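Fold and geometry: a report
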Amino acid sequence: MKNVESSTSTSTSTLYQVASAAGVSPATVSRFLNGTAKVSEDKRRTIERVIDELNYKPNRLAQSLKIGSTRTIGVLTQSLESGYFNRAMVGIEDAVKAAGYALLIMSGHWHADEEAERVELLIGRRVDGVAILTGNMSDQQILDFSKRVPIVAFGRDVQGARTHGFCLDNYRGACEAVEYLIAQGHRRIAHIAGPDDHRDARARLAGYHDTLARHRIEADPRLVVAGDFSESGGLLALNGLLAANLRFTAIFAANDLTAYGARLALYRRNIRVPEDISLVGFDDLESSMYTTPPLTTVRQPLYDAGIGIGRRMLAMLAHEQPEGEVPQLSLIVRESVRLL
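Counting restarts for each chain, with residues numbered from 1 along the sequence as it is written. Totals for whole chains, interfaces and linings use every residue, but because this is a predicted model, local features are given only for residues with pLDDT of at least 70 and side-chain atom pairs only at 80 or more, for both listing and counting. Working from all heavy atoms in the structure, the side-chain values ignore hydrogens and water.

1. A short note on helix α11 (residues 256–268)
In DSSP terms, a helix is any run of H or I states spanning at least four residues, a strand is any run of E spanning at least two, and both are numbered starting from the N terminus. By this rule, a helix spans an expected 1.5 Å times one less than how many residues it contains. The terminal C-alpha atoms of α11 lie 19 Å apart, and with 13 residues this matches the ideal 18 Å at 1.5 Å per residue to within 8%. Each residue's exposure class comes from its accessible area (1.4 Å probe, protein chains only) as a fraction of the maximum for that residue type: buried when under 20%, exposed when over 50%, partly exposed otherwise. When we look at burial in α11, the residues that qualify are Asp-256, Thr-258, Ala-259, Tyr-260, Gly-261, Ala-262, Ala-265 and Leu-266. Check the buried side of α11 and you find it contacts β7 (189–193), α10 (231–243), β9 (250–253), β10 (278–283) and β11 (296–299). Count one or two residues on from α11 and you reach Asn-270, which has phi positive near 60 degrees. Any two residues having at least one pair of non-hydrogen atoms within 4.5 Å are treated as being in contact.

2. Comments concerning the sheet that holds β9
Strand order in the open sheet made by the six strands is β8-β7-β9-β10-β11-β12, with mixed pairing throughout. Every interior strand has two partners, whereas the edge strands, β8 (224–226) and β12 (330–332), have only one. Neighbouring strand axes in the sheet, compared pairwise and without regard to direction, differ in orientation by 20 degrees on average. Following DSSP output, two strands are said to pair if at least two bridges run between them. As paired strands, β7 and β8 are joined by three bridges and run parallel to one another. Across the sheet, the residue bridging to Ala-193 is Ala-226, located in β8. Between N-to-C directions, angles cover 0 to 180 degrees, with each direction set by a line fitted to C-alpha atoms, over the stretch in contact for helices.

3. With respect to the state of the cysteines
A pair of cysteine sulfur atoms is labelled a disulfide when the two atoms are within 2.5 Å. Going through the model one piece at a time under the given rule, you end up with zero disulfides. As a non-bridged cysteine, Cys-167 has Cys-175 as the owner of its nearest cysteine sulfur, 16 Å distant. Taking the relative accessible area as the measure of exposure, Cys-175 reaches 0% and is therefore buried.

4. Regarding the pattern of salt bridges
By definition here, a salt bridge exists when the distance from a side-chain nitrogen of Lys or Arg to a carboxyl oxygen of Asp or Glu is within 4 Å. All chains considered together, the criterion is met by 16 salt bridges. The shortest N-O distance in the salt bridge between Arg-49 and Glu-53 comes to 3.2 Å. With Arg-49 and Glu-53 both in helix α3 (residues 41–54) and four residues apart, the pair spans about one turn of that helix.

5. Focus on the packing of aromatic side chains
Pairing of aromatic rings covers Phe, Tyr and the six-membered ring of Trp, with a centre-to-centre limit of 6.5 Å; geometry is then stacked below 30 degrees between planes, edge-to-face above 60, and tilted otherwise. With the rule as written, the count across this model stands at four aromatic pairs. A ring pair is formed by Tyr-84 and Phe-85, whose centres lie 5.0 Å apart and whose planes are at 80 degrees; its orientation type is edge-to-face. For the pair formed by Tyr-84 and Phe-85, the shared burial category is buried. Members of the aromatic cluster, connected to one another through ring pairs, are Tyr-84, Phe-85 and Trp-110. If you follow Arg-204 out to its NZ or CZ, it ends over the ring of Phe-282, 3.9 Å from the centre. Lysine and arginine charges are scored as sitting over a ring when NZ or CZ, respectively, is within 6 Å of the ring centre and within 35 degrees of the ring normal. Arg-312 extends its terminal NZ or CZ atom over the ring of Phe-166, reaching a point 4.0 Å from the ring centre.

6. Some points on the nonpolar core
Buried residues of nine kinds, namely Ala, Val, Leu, Ile, Met, Phe, Trp, Tyr and Cys, make up a nonpolar core once their side-chain atoms join them within 4.5 Å. Counting 62 residues, the largest nonpolar core has Leu-133, Phe-154, Ile-189, Leu-238, Phe-248, Ile-251 and Phe-252 as the members making the most contacts within it. Top element by residues in this core is helix α5 (residues 83–96). It accounts for seven residues. With residues near it in sequence (within four places) discarded, Leu-133 still touches Val-75, Leu-76, Thr-77, Gln-78, Phe-85, Ala-88, Met-89, Ile-92, Phe-154 and Ile-309. With 16 residues, the next largest nonpolar core counts Leu-76, Met-106, Leu-122 and Ile-123 among its residues.

Below, the structure written as C-alpha cells:
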C-alpha cells in the first residue's frame, strides 16, 4: 500500500508541475491528457513540450478508472495479411494516436458470425469505440452493437444515433476503369468479378455493365466470371475463360489480387500483357507498380479513408457530429493496357 501511495503522490505532484510550467490549470492538463480539452495550437504545443521536458508519464490505468475510458479503439478487419486493410489500419492509427488512443485489432475473415463474435470480444475488452472495415454482418447487427459502444463502419451505408458509416464510390471507380479500356479501343472486355455477396464486388460489376451499356456495347454474359478477390481465384477464373476459347482483348479484374492471378494464367499460356491482352485491376496495392508490366488500376485512397475513420471516431467519442469528406477514387494509368 505504501508503494502505491508513493507512486500516486509522485504522479500527482508531476501533474501540478506540468500545469505550472505550461501556465495552465491542472484540470486543463488532465483534460488534455484525456483528449477532452479544447486548447489553442500554441497552448497544445506548450503542454506537449513541458510533458516531454519533465518526462511525465501519466498513469493510464488510473485515468481509465477515473474517466471510464480505456483509451482503446477496437478495429474489426477481415484479414490481418491484406495490404488493402493494412493501409486503412495505418490511417486509423495515425489519426487517433495523437489523442492518446491505441488500437486493438481482430479479424472476422468475412464470416458474419465470426465478425459478431469479435465485436463482442472487443466490447468485452472495454474498448471506447469500434471501427468496422467492411464485412458481412447485417446493418441491424451493427446498429444493435452501437447501443453499447460507438461504431464507425467503413464500406457500409449505415447511420444511427451512435453509428456512422461511409463508403468509397466503387461503382464510379469501375466505370472509370471500363471507360478507359473503351477509350483505348477495346470492346470485348472480360470481367473477373468478386464474391456476389460482397457489396463492393456488386458495385464494380454494376459499373462494368452500365459503362458498356452507355457505349452501346452488347455485354457477353460469358465474359463475366466469378472470382473471390484472391490471386488463386483470378488464376482459376482466367483459366476457365481461356479454356472456353472466348474472344476478348481486355480484362477488368475486380481487385489487384485477382489481376495478379489472371496475369499468372496469361503468362503460363505465353499470352503477353498488354501486347495480346490488356489488364486493369482495382485497389492500387503497393505491389501493383512492380508487377510485369506495372498494373493499370483504380486507386482506393485507403490510408486517407483510415484517417477519416479515426477522425470520425474521435468526434463521436467527444459527442460531436462525425463529419468529413469521402476520399475519391482515381484511375492510375501504368503499362498494362494497349491502344488498339
